[in-house]
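The residues making up each chain are set out below.
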Amino acid sequence: MTAILVPSGRLRPLSVGSRRLSKPAAWALVGLVVAVTGLAVFARQLAPYNPIQPVGPLNLPPLSPGHLLGTDGIGRDLLSRTLIGIQVSWLSALVVVASGLLIGGTVGLIAGATGGWVDSVLLMRITDLFLALPGALVAIAIVAALGSGLVNTLIGVAIVWWPYYARIVRGEVKALAARPHVESARLAEVSRPRILLDHLLPGVVPTAVVSASLDIANVVLLLAALSFLGLGQKAPAPELGADTARALSQLLSQWWVPGVPGIAVLALSLIANLGGDAIRNLIPVRR
Amino acid sequence: MTEPVAVVDDFSLSLVRNGIRSRVLNGVNLRIRAGEILGLVGESGSGKSVLALSLLGLLPQASHPQTGGSVTVGGVNMLRAKETKLRKVRRELLGAIFQDPMTSLNPTMRIGRQIGERTHDDTESVRLLGTVGVRDAQLRLRVYPHELSGGLRQRVMAAIAVAGRPALIVADEPTTALDVTVQAQLLELLRELRDDFGCSVLMITHDLGVADQIADRLAVLYRGELVEIGPAADVIRNPEHEYTRSLLASRLSLTMPRDERFMQTGCDAEPAVRIRNLHRIFTVRRGGRVFGGSREIAAVDGVDLDIAPRESLAIVGESGSGKSTLLRIVAGLEKSTSGSVTLSGTGGPQMVFQDAGSSLTPWMSVGKTLAERLRPLELGRAEVRDRVTAALAAVDLPLEVAAAHPGELSGGQRQRVALARATMIPPAVLLCDEPTSALDASLAKSVLALIRDLRARIGMTVLFVTHDLAVARLMGDRIAVMRTGRIVEIGPAEQVIATPGEEYTRTLLAAVPEIVEAS
């Protein structure tokens, strides 16, 4: 039953983007993303209690005195656990997406600009191999092989994540490389590495960054799903997905215990998606 | 006299572009009479296309049009009427032909179905396609737009436009993307349609020659205002407004004086460009990977050519003649299948492309783009700056342009920047691929003059590819006529134009819309 929650592939971004956001709204959303990142970075300072120790009565509802979001089944403060959980999920998602951009971007740039057998065999068939397999399952297999734990989970997810960016970047580079400006640069005796860095890379950055920003939500969900299956953070440490999973039996009696971390996952993915849309609207259209 | 088909009455229009509202048309008054062909000329940005869209009731809502006055077709105000009413007028009274038939035909629908949307009857569709000069019309109903040539697509567009027996056909630059011979056929077709069906035609063009050939009356639009209107022959031969005169003066014709500086004949020195038995064969796959066959197309089919140092050779030909492929092989951007290209001299080949906008890297400033060309010379910073300044001055651009990005420049300025880059280190040969065909006549003329100036100054060899015979005559000491990958005629420019030896050259020349001076 739990397997239903594993994203079978990449989720389609929640698209608000067909409608253009106004500039102030876009900046406000980017501000929200920055605020969440700040919250994640300073979670330990902001958390009022130790997230692992029982600190109050069991199953206090939200808005109780001293415990803003209530407490869970063994009396741990939900606000503190959620803050630390946000820290883990959000920063992990950023790390995975950033590493994916770096690896996938490099592979895609080289493949797209070199062409020939380097492109078709060495780089793109390998990415095809990854893309042909369901990412979540491969990640689970890798984590199972390495042993559970946050770092291993991140490695597992990062390994299945970069091929998407390789594909996107390669496609963009291929389209750009066919433009006369690249041919002009070649005629102007610009060296190959310089063409790559000066005449191709800057044109790819907007697309790559936008698709990556839309992807943060997917990583948050995948990490939550893996934790939900028991593959993420080890037991007492707070993790939004795992917390939701473990307390699911309380959904009808004390809804807030699984509800608070669950809603936090929802909020994170929503903010990441909206932030991605905002960035897409703010990056000037390349002509 | 009968009622006019369309009345444009004190029509003003403003649109929002990039967040700024600007006035596009200002107090335009125009009547299109029944059965007349009205030419509308003006440079790009003069508002002629927007006027066409207004007549069709298709103003882009995204740019928040604000209108004054009225545009009436068949008694319906095309600016204010409800969409259902507009659709009825469009269906019953209007037909449209746009510049690019590839984008105005639906790529996912067979030709037959697209015409059928108006005729609802295959035999009628076949008859119409026959009328507009499409052979094997029955077979063509089954094909998709991409399977047709540009000329055929435009004919299909014309067939759709006349299908509903419209009272008015709005044709927005219908021949700009076509070769001269096809253009002549399409103009003939429009005139026939008028004679046979009695419909009026609003013919929008930037080419006064085209307007002179086809229009009964001519209207001149300048910065959103109608500056002159009258019988076409009068407007062209006795223009009243200064702008019309400058339009006429900037027109490139086959009789304009050539540049005196390059009159000396070529010397016998070693050629700057030597092309020997050059072939380029493309393999085109037909059908699927497994069952389809493949076909070989010779884009360049055995070309031998010598270009003397300091000489300028113009290659003319229609689209698909292989002239651009030849140029790209000389530039080293494309490989030849067999044969050789030898360049003597230093500096390598440099190329100026048709679309200057896309030949400049959009995120690099002009100064950086130019400085980059100097990197192989390993100069000091101050010296690079001096040479960039000098290069900008050589193409008549102000120094401030160095800080600008290509997107901030006009089309003519971009082409100047491209020229500056190509010539700041004197090239072994300057290759020009239709560098002015995307520019307005006056701009084109100044860019062509600039290329000649640069040529005179640094004495470079030029290989100039164009589809325009007037441009070829102006730019080339010799002209080579290319057809299906072969050079069919080559000789001194004046001689090829005045006494062409080949039938094909004569056909090309006959199709050029020239303004014949009334004697």
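Keep in mind that this is a model prediction, so the values were computed, not measured. (Residues numbered from 1 in each chain as written. Chains lettered and ligands numbered in written order. Predicted model: local features only at pLDDT ≥ 70, side-chain atom pairs only at ≥ 80, totals over all residues.)

Novice: Which parts of the structure should I look at to understand the domain arrangement of chain B?
Specialist: Frequently, the measure chosen for interface size is the accessible area removed from exposure when the parts meet. All names here are of chain B. Partitioning chain B into domains gives domain 1 (6-104 + 166-249) and domain 2 (260-287 + 294-511). Each of domain 1 and domain 2 was reduced to a C-alpha centroid, and the two centroids are 34 Å apart. Taken together, the contact pairs 10 residues of domain 1 with nine residues of domain 2. When contributions to the side of domain 1 that touches domain 2 are tallied by element, the ones reaching two or more residues are helix H8 (180-197) and helix H11 (242-249). For the side of domain 1 that touches domain 2, the per-class residue count stands at three nonpolar, five polar and two charged. (Domains from an automatic or database assignment. Contact = placed C-beta atoms within 7 Å. Helix = DSSP H or I, 4+ residues; strand = E, 2+ residues; numbered from the N terminus. Nonpolar A, V, L, I, M, F, W, Y, C, P; charged D, E, K, R; others polar.)

Novice: Would you explain the nonpolar core in this entry?
Specialist: Nonpolar side chains in soluble globular proteins tend to end up buried together. Core analysis: the largest hydrophobic core is formed by 142 residues, its most contacted members being Val157 and Val220 of chain A together with Leu463 of chain B. Per element, the largest residue contribution to this core is 16 residues, and it comes from helix H8 (residues 192-228) of chain A. The contact partners of Val220 of chain A, leaving out residues within four places of it in the chain, are Ser89, Ala93, Val265, Leu268, Ser269 and Ala272 of chain A. (Core = buried A, V, L, I, M, F, W, Y, C linked by C-beta atoms within 7 Å. Buried ≥ 20, exposed ≤ 12 C-beta atoms within 10 Å, placed from the backbone.)

Novice: In this structure, what is going on with the packing of helix H6 (residues 150-177) of chain A against H8 of chain A? I would like to understand it.
Specialist: Residues and elements named next belong to chain A. As a packed pair, H6 and H8 sit with axes 10 Å apart at the nearest point and diverge in direction by 155 degrees. The pairing of H6 with H8 is recorded here as roughly antiparallel in orientation. Relative to H8, the crossing made by H6 is right-handed. Two secondary-structure elements touch here, H6 through Thr153, Val157, Tyr165, Ile168, Val169, Glu172, Val173, Leu176 and Ala177 and H8 through Leu200, Gly203, Val204, Thr207, Ala208, Ser211, Ala212, Val219, Leu222, Leu223 and Leu226. Taken together, the residues of the contact of H6 with H8 sort by class into 15 nonpolar, four polar and one charged. (Axes fitted to C-alpha atoms, helices over the stretch in contact; angles between N-to-C directions. Parallel < 35°, antiparallel > 145°, perpendicular 65-115°, else oblique. Left-handed = near helix turned anticlockwise from the far one by under 90°.)

Novice: Whenever I open this one, unusual backbone geometry confuses me. Can you help?
Specialist: The general pattern is negative phi for most residues beyond glycine and trans for most peptide bonds. With a phi angle near 65 degrees, Leu63 of chain A is a residue other than glycine that sits in the positive phi range. Relative to the helices and strands, Leu63 of chain A is located in the loop between helix H2 (43-46) and helix H3 (78-114). For Leu63 of chain A, a count of 10 C-beta atoms within 10 Å corresponds to the exposed category. Phi at His64 of chain B takes a positive value of approximately 45 degrees, unusual for a residue other than glycine. As for its position among the elements, His64 of chain B is in the loop between helix H1 (48-55) and strand E4 (66-73).

Novice: Mind showing me how you'd approach the interface of chain A and chain B here?
Specialist: At the interface, 16 residues of chain A touch 20 residues of chain B. Those elements giving two or more residues to the side of chain A that touches chain B turn out to be helix H7 (180-187) and H8 of chain A. Looking at the side of chain A that touches chain B element by element, the count peaks at six residues for H7 of chain A. When grouped by side-chain class, the residues that make up the side of chain A that touches chain B number six nonpolar, four polar and six charged.

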